[in-house]
Amino acid sequence: MFGPPGAGKGTQAARLLDEFNLLHIATGDILREAVQQSRPLGLKAREFMDRGELVPDDLIIPIVEEKLGLNRDKGFLFDGFPRTIPQARMLEETLGRLELEINRVVFLDTDQEVILKRLSGRRVCEQCGETYHVTNIPSKRAGMCDRCNGKLVQRDDDKEETILKRLGVYREQTEGVLGYYRDKGVLLNVDGSLSIEETYPIIRASLK
Ligand code: AMP
């Protein structure tokens, strides 16, 4: 799943995981968990995340390598990774060694106005990480997770100033990864202003 922050990568990934037998590798979720548990990775990554910058490749690459070693029977769903060309190269090399390849890169092509609306209303469960939106995907009981009754909070990096920073970082450091996959002929371009319900069948059809 590829696209700027707020494009809906995590939301669409959750639907795909319900339907397909895939191992989810979301580097943002892994980093947030490491921060919450004050693990060494979290302590190193936190300052970059708080500033809306990318965490350096030498911290990200080992996380993904470890996950790729875990399960060969399932396919993988990468969400928010790769975000730089060195990450994309490492992924290709490692998958090559496992005799696997990337079948599809789903690009949720979303403009800034839509992103700002989505991210300012985004809420996440403090306990299980489930994602909601105050108007688009409200929970049944205000402020509480439908799945585990955890408390819904705003991510620290979903404040407007940090969102604008993350969008700039996306344009400067991540957008170029698209060309890498376009050249390989695996890119699916999806209009990111469509609703969740309109988007999912398009992605699904491209994977079947
Ligand atoms: P996300 O939840 O995917 O928006 O990620 C939240 C933050 O984690 C990002 O703003 C980055 O600071 C960091 N991060 C997540 N994935 C990566 C990655 N593949 N490369 C570098 N930094 C990442």
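So, here is what we can say about the structure in this document. Note that this is a predicted model, so its numbers are computed, not measured.

Okay, the packing of aromatic side chains next. Taken as a whole, this structure holds 5 aromatic pairs when the rule is applied. Plain terms: the ring middles of Phe78 and Phe81 are 5.9 Å apart, the flat faces sit at 45 degrees to each other, and that makes the pair tilted. The structure contains a cluster of three or more aromatic residues connected by ring pairs, namely Phe2, Phe107 and Tyr170. In this structure, Arg51 is placed above the aromatic ring of Phe48, and the distance from its NZ or CZ to the ring centre is 5.5 Å. If you follow Lys184 out to its NZ or CZ, it ends over the ring of Tyr180, 4.9 Å from the centre.

In the vicinity of the ligand lie 16 residues, with Thr27, Arg32, Glu53, Arg83 and Gln87 positioned nearest. Take Thr27: an N or O atom from its side chain is 2.7 Å from a nitrogen atom of the ligand. The backbone of Gly80 places a nitrogen or oxygen atom 3.1 Å from a nitrogen atom of the ligand. Here the ligand loses 95% of its free accessible area of 480 Å² to cover by the protein chains. Of the residues that constitute the shell around the ligand, the class distribution is 6 nonpolar, 4 polar and 6 charged.

Across all of its chains, the model carries 15 salt bridges by this definition. Asp29 is the salt-bridge partner of Arg32, the closest N and O atoms lying 2.8 Å from each other. With a gap of 3 residues between them, Arg32 and Asp29 both fall in helix α2 (residues 27–36), about one helical turn apart. For Arg32, a relative accessible area of 28% corresponds to the partly exposed category.

Moving on: the nonpolar core. Judged by nonpolar contacts, the single largest core of 34 residues is most densely connected at Leu31, Val55, Val64, Leu68, Phe78, Leu91 and Tyr181. Only β1 (22–26), α2, α3 (40–50), α4 (57–68), β2 (75–79), α5 (85–97), β3 (105–109) and α8 (177–184) provide two or more residues apiece to this core. Ranked by residues supplied to this core, first place goes to α4 with 6 residues. Residues contacting Val55, with those up to four places away along its chain left out, are Leu31, Ala45, Phe48, Met49 and Ile60. Ranked by size, the runner-up nonpolar core spans 11 residues in total, among them Ala7, Ala13, Leu108 and Val190.

A word on unusual backbone geometry. The step from Phe81 to Pro82 runs through a cis peptide bond, and the omega angle for that step is -5 degrees. Residues other than glycine seldom take positive phi values, yet Ser38 does so here, at roughly 50 degrees. Despite not being glycine, Glu99 shows a phi value in the positive range, around 60 degrees. If you trace the backbone, Glu99 turns up in the loop between α5 and β3.

About the criteria used
Residues numbered from 1 in each chain as written. Predicted model: local features only at pLDDT ≥ 70, side-chain atom pairs only at ≥ 80, totals over all residues. Heavy atoms only, no water. Phe/Tyr/Trp six-rings, centres within 6.5 Å; stacked < 30°, edge-to-face > 60°. Lys NZ or Arg CZ within 6 Å of the ring centre and 35° of its normal. Near = heavy atom within 4 Å. Polar contact = N/O pair within 3.5 Å; in protein donor to acceptor, adjacent residues only side chain to side chain. Areas by Shrake-Rupley, 256 points an atom, 1.4 Å probe, with all protein chains shown as cover. Nonpolar A, V, L, I, M, F, W, Y, C, P; charged D, E, K, R; others polar. Salt bridge = Lys/Arg side-chain N within 4 Å of Asp/Glu carboxyl O. Helix = DSSP H or I, 4+ residues; strand = E, 2+ residues; numbered from the N terminus. Buried < 20%, exposed > 50% of the residue type's maximum accessible area, 1.4 Å probe, protein only. Core = buried A, V, L, I, M, F, W, Y, C linked by side-chain atoms within 4.5 Å. Contact = heavy atoms within 4.5 Å.

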